[in-house]
Amino acid sequence: MSEVSAQQNPNAILSDDGVPLKQKLARTTRTLKWRAFLLTLPLVLFLFISFVLPIGQMLLRSVHNPSASNVLPQFAEIIQDWDEQGLPDEAVFAAFVDDMQTAKKNREIGKTIGNLATRMNYEMPGTRSLFTSTGRKVNKIKAGPYKEALLKTNKKWDNPVIWRTLKRVSRDYTPAFYLAALDRKYDDDGNIVRADELYQIYVSNFGKTLGMSVVITFFCFILAFPVAYLLSTLPMRTSNLLMILVLLPFWTSLLVRTTAWIAILQTEGIINDILVYLGVVADDGRIQMIYNQTGTIISMVHILLPFMILPLYSVMKTISPSYMRAARSMGGTPFNAFRRIYFPQTLPGIAAGTLLVFILSIGFYITPALVGGEDGILISNLIAYHIQKSLNWSLGAALGAILLVVILVLYWLYNKLVGIEKLSFG
Amino acid sequence: MNSSADPFVSFREVQKSYDGEILVVKNLNLDIAKGEFLTMLGPSGSGKSTCLMMLAGFEPATNGEIYLGGRPINKVPPHKRGIGMVFQNYALFPHMSVSENLAYPLQVRKMSGADVKAKVKRALDMVELGDFGDRRPAQLSGGQQQRVAVARALVFEPDLVLMDEPLGALDKQLREQMQYEIKHIHEQLGVTVVYVTHDQTEALTMSDRVAVFNDGVIQQLSTPDDLYERPQNAFVAQFIGENNTLSGTVEHIDGSKCTVKTDGGDTVIAEKVNVDKVGDRTTLSLRPERVELDPSSAMDDVLPGKIEELIYLGDHIRVRVDVAGNDEFIVKVRNRSDMRPLAAGQAVQIGWNSSDCKALDFTG
C-alpha cells in the first residue's frame, strides 16, 4: 500500500539529496542485479547454443525440406499453378528440363539430382531410378517441345501421379515427414491414408516404447521403494555405506554396465551356465534373456534404479518417525499406519522418481541399442537410424519432435494429476 | 487385584540399555494411580523419555515388566495398548486435515461415520477449535497445532495419555496458557496423564506427583510442594527452584538436627536430611526467599556477610552476598517502602531458621 501511494503521491518520500527514494533504491540494486545476471550469462549462452538452437533446428527440419526446390527452382515455382488435371503443360516441362540440366552441370552439395531422387523416393518408393536415369539423358534434349522429348527418355513421365507428387515435394514446407512418422502417407490422389503394412513401424514402436517405459518405471519403483525406506531409517553409518552401493553404478560407465549385463544374461552367460549346472534347464534349452525386450527391461531397470531411489530417499528422510509412532499409538496396525500415514507422505518422491525414470527411459538409446536385439529397440534407436544410416534427417526430426510432444503432454497430464509443485528431487 | 488401591500403571524393576553397555534406565519401580497426573522431570539424557517410550511400546524394556491395568504389556504392540500420546512436535499428519487427523484413531477402530463425525466435533469443541476442522495442520499456529494434538490423543477416549514435552516448541506466554488448559482437560475427563518435561515450572504447575529423574534413576517421587520444601538430595534441591549451597562437615548430630561447620569456618545448625554420621561432608541447601537480610527477630543461624551485587527486579531485589566462603549466595529481599537502603560493599547479617537449611549429600 505504501509503495503505491508513494508512487502516486507528488510529494513522494525524498532521500537527503532530493532524489525520490524509490529511484535511489532502484539505482543501488541495479548494479547487484546486473552482476548476478552476468554470472549466469555463460550458462545462458551455453544452454542457448547447445539446447535451444538444436531443438529449434530439429523442429524446423521436421517440416522444412527444400531439397526439391533447391534442385528445381524454376519448376518449383510454376508447378504450383498447375490444376493437377492430366499432365502439366509445356512451360512446366520446359522449366523442369532446364532445371535438370542446370543441376546436372553444377554439382553443388545438396543440389544434385541425387538429392531430388532421394527426396522423391521417400514419397514414392521406386522412383529413384527414374530420376537418376533421366539425369543421365537430360542433356540430350536440345530443343522443345520438351514434354515430348522428356517422355521419349522414359515412358514413366507419362504418369500424372509423378507430377502431382513432384508438385507436393516442391513445396519447402511439408507435413509429409510427420505423416511418415505416424505411419501415414499421401495416396496417388493426394489424400492422407495409412501407409502400407510393411512400412507401419513407427506408431507401434512409439506404443512399445511407452509400454516398456511403463514396465521399467514400475519395476524400478517396486525395487527402489524398500531400498529407499531402508536407507532413510538405518543409522547414519550403515546407510552411508548402502548409499555408496546405490551410487556405485552411477560412477561406472553406462557402456560397462550394459556390457556386464550381456555377460550375465547371454545364452552362454553366467545365469544360463548356473541354470544348466543345476539342471534347471537343458544345455540345448538355454533361456534367451538378452537381445530381446527382456534384456532391455532388465538392464534399463538396473541403470535407472538410482534415479528412483534418490528422490524417494530424499523425501523419506524428511518424514519423521513420530508420524508412524503417532499412528500406532492411536491404534493403527503397522500396515494401516503405513498405508494411510507413511505412504501418502512419500507421494512427492514417488512422483519425482517415476517421472524422472519414465522420461529417461522413453528417450533411452545406448542400452536398447546394445541389448535390445530386434524387438527390444525403442523409438530413439529408430531416430538414431534415420540420423546416422538412412540420412533422412527430416523424418528423424519429425520422430524426435513427436517424442518431445508426447513427453510434454505426459508432463502436463502429470501436473494435472499430481501437481508439479509436489515434486521433490531432494 | 481388583481393589482401587492397585496401581493403574506399574513399572517393575525396569531396565533399559540401547547398546548393552550403558543402562539408560536403572532398575525403575514406579506406580501410577488411575486418574493421576504424573510428571517425569529431569535433564535431557536422564531416562525420562525412554521410560515414556517403553510405556507407549516404541522401545522394548531390556529387563523387568510394565503393567497397565494389572496386565503385563511388554509383549503388547503399541496399537493394542490403547494409550493416547502427544508428541514433542505434535506429529500431526501433514497430508490430512485437522478433522481427518482426529478421525484416524476412530476409523481404525471401525467406528461408524456418524459416530466419528460426532466425536471429532466434540473433541474439537473441547479445545475450542470447532471451526478449524477443514484446515491443514500447516495452516494453524503453534498453539492451535498443540491443541489439535491434545484433542487427537483424547478423541478415542483412552484411559492413559502420554505427553512427551508437548509444550517445548511454544513461546513462554502460550506455554503457560496451555499448561492450564491441559490441567483443566485432565480434571474434566479424569484421564490418567504421564507427562514428560525438563521444565520444572511446568512440572510443579500441572502435576499431582512429580518423579525427578537423573542418571536413569528416580531421585525423588513426591507432590510438587514436597519436592520444593523437602528435597531428598542435593540434585533435587538444585534442579527444583532456586537454591543456595554451602559446603561443610557434620560436627554433631542431635535428633533431626545437626551442626555443620562450613568451609568458611562458621558453625550452622541445619535439618538432617541426607547425612549419616559425624564427620560426613555435606551440602547445605537454602532457598533464597527463606533467608533474611539483617533479621529483626531471633533466628537459628545468623552469619556475617558482605553485599556483592544488587539486582533490581521490581517486586523484589536479588542481593548477591559473600557469606561463609560462598560469594554466589543469593538473598531475595521483598521490595518494601520502609526498607533500609542497600548498597554493594555493605556489611550485613544473614539469618535463617534451621528448618529451612537442609543438610544433604555432598556434591562438591
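What counts as what
- Residues numbered from 1 in each chain as written.
- Chains lettered and ligands numbered in written order.
- Predicted model: local features only at pLDDT ≥ 70, side-chain atom pairs only at ≥ 80, totals over all residues.
- Heavy atoms only, no water.
- Helix = DSSP H or I, 4+ residues; strand = E, 2+ residues; numbered from the N terminus.
- Rg over C-alpha atoms; globule rule 2.2 N^0.38 Å.
- Buried < 20%, exposed > 50% of the residue type's maximum accessible area, 1.4 Å probe, protein only.
- Contact = heavy atoms within 4.5 Å.
- Areas by Shrake-Rupley, 256 points an atom, 1.4 Å probe, with all protein chains shown as cover.
- Lys, Arg positive; Asp, Glu negative; His and termini not counted.
- Charge placed at Lys NZ, Arg CZ, Asp CG, Glu CD.
- Patch = residues over 30% accessible without salt bridge, like charges linked within 9 Å, V, L, I, M, F, W, Y side chains within 5 Å.
- Salt bridge = Lys/Arg side-chain N within 4 Å of Asp/Glu carboxyl O.
- Pairing = 2+ DSSP bridges.
- Axes fitted to C-alpha atoms, helices over the stretch in contact; angles between N-to-C directions.
- Domains from an automatic or database assignment.
- Buried area = accessible area lost by both parts, 1.4 Å probe.
- pLDDT = per-residue confidence, 0-100.

Caption draft 1: Structural detail: the overall build of chain A. Regarding its fold elements, chain A presents 20 helices and 2 strands. Compactness check: chain A gives a C-alpha radius of gyration of 31 Å against a globular reference of 22 Å for 426 residues, more than 25% above the reference. For chain A, the proportion of its 426 residues judged to be buried stands at 40%. Of the contacts formed within chain A by residues at least 6 apart in sequence, a portion of 68% connects residues at least 24 apart. Total accessible area computed for chain A in this model is approximately 23,700 Å², and 65% of it derives from carbon and sulfur atoms. Within chain A, the 29 negative side-chain charges are centred at a point lying 9 Å from the centre of the 40 positive side-chain charges.

Caption draft 2: Region of interest: a nonpolar patch on the surface. Residues and elements named next belong to chain A. A cluster of nonpolar side chains, Leu43, Phe46, Leu47, Phe48, Ile49, Phe51, Val52 and Leu53, forms an exposed patch at the surface whose accessible area comes to about 810 Å². Checked against the element boundaries, Leu53 lands in helix H2 (residues 21-63). Judged by relative accessible area, Leu53 falls into the partly exposed class, the value being 44%.

Caption draft 3: Layout of the sheet that holds strand E2 (residues 23-32) of chain B. All names here are of chain B. Here we have 4 strands laid out as an open sheet, ordered E2-E1-E4-E5, and antiparallel in their pairing. Two strands in the sheet have a free side with no partner beyond their single neighbour: E2 and strand E5 (71-72). Pairing of strand E4 (residues 63-68) with E5, which is carried by 2 bridges, proceeds in the antiparallel orientation. Bridge assignment links Leu68 to a residue of E5, and that residue is Arg71. Lying on the sheet, helix H1 (residues 48-56) is in contact with strand E1 (9-17), E2 and E4; it crosses E1 at an angle near 115 degrees.

Caption draft 4: Examining the domain arrangement of chain A more closely. Domains assigned within chain A are domain 1 (2-63), domain 2 (67-174) and domain 3 (202-422). Taking only C-alpha atoms into account, the centre of domain 2 of chain A sits 51 Å from that of domain 3 of chain A.

Caption draft 5: Seen up close, the pairing of E4 of chain B. All names here are of chain B. Pairing between E1 and E4: 5 bridges, direction antiparallel. Across the sheet, Phe11 pairs through a bridge with Ile66, a residue of E4. With antiparallel pairing between neighbouring strands as the criterion, E4 and E5 make up a hairpin whose turn holds 2 residues, including Gly69 at a positive phi of roughly 60 degrees.

Caption draft 6: Quick peek at the environment of Leu14 of chain A. All names here are of chain A. Relative to the helices and strands, Leu14 is located in the loop between helix H1 (2-8) and H2. The spatial distance from the C-alpha of Leu14 to the C-alpha of Glu90 is 82 Å, given a sequence separation of 76 residues. The residues contacting Leu14, other than those within four sequence positions of it, are Val19, Pro20 and Leu21.

Caption draft 7: Geometry of the environment of Tyr342 of chain A. All names here are of chain A. Within the fold, Tyr342 resides in helix H17 (residues 334-362). Judged by relative accessible area, Tyr342 falls into the buried class, the value being 5%. The residues touching Tyr342, leaving out its near neighbours within four places in the chain, are Tyr229, Ser232, Met316, Ile319, Met324 and Ala337.

Caption draft 8: Spotlight on unusual backbone geometry. Residues and elements named next belong to chain B. Backbone geometry at Asp215 places phi at a positive 60 degrees, although glycine is not the residue there. Looking at where Asp215 falls in the secondary structure, it is placed in the loop between strand E9 (209-214) and strand E10 (217-222). You will see that Asp294, though not glycine, has its phi angle at about 50 degrees, which is positive. Tracing the backbone through its elements, the reader meets Asp294 in the loop between strand E15 (292-293) and strand E16 (301-312).

Caption draft 9: Spotlight on the interface of chain A and chain B. In this complex, chain A contributes 18 residues to the contact, which on the side of chain B involves 22 residues. With both sides pooled, the region where chain A packs onto chain B buries about 1,800 Å², and carbon together with sulfur makes up 64% of that total. Summed over the shared surface of chain A and chain B, the result is 1 salt bridge. Here Glu59 of chain B makes a salt bridge to Arg325 of chain A, at a shortest N to O gap of 3.8 Å.

Caption draft 10: Region of the structure containing the confidence of the model for chain B. Here chain B averages 89 in pLDDT, and 98% of its residues register 70 or above. Mean pLDDT in chain B bottoms out at E15 of chain B, which sits at 86, and peaks at strand E3 (residues 37-41) of chain B, which reaches 95.

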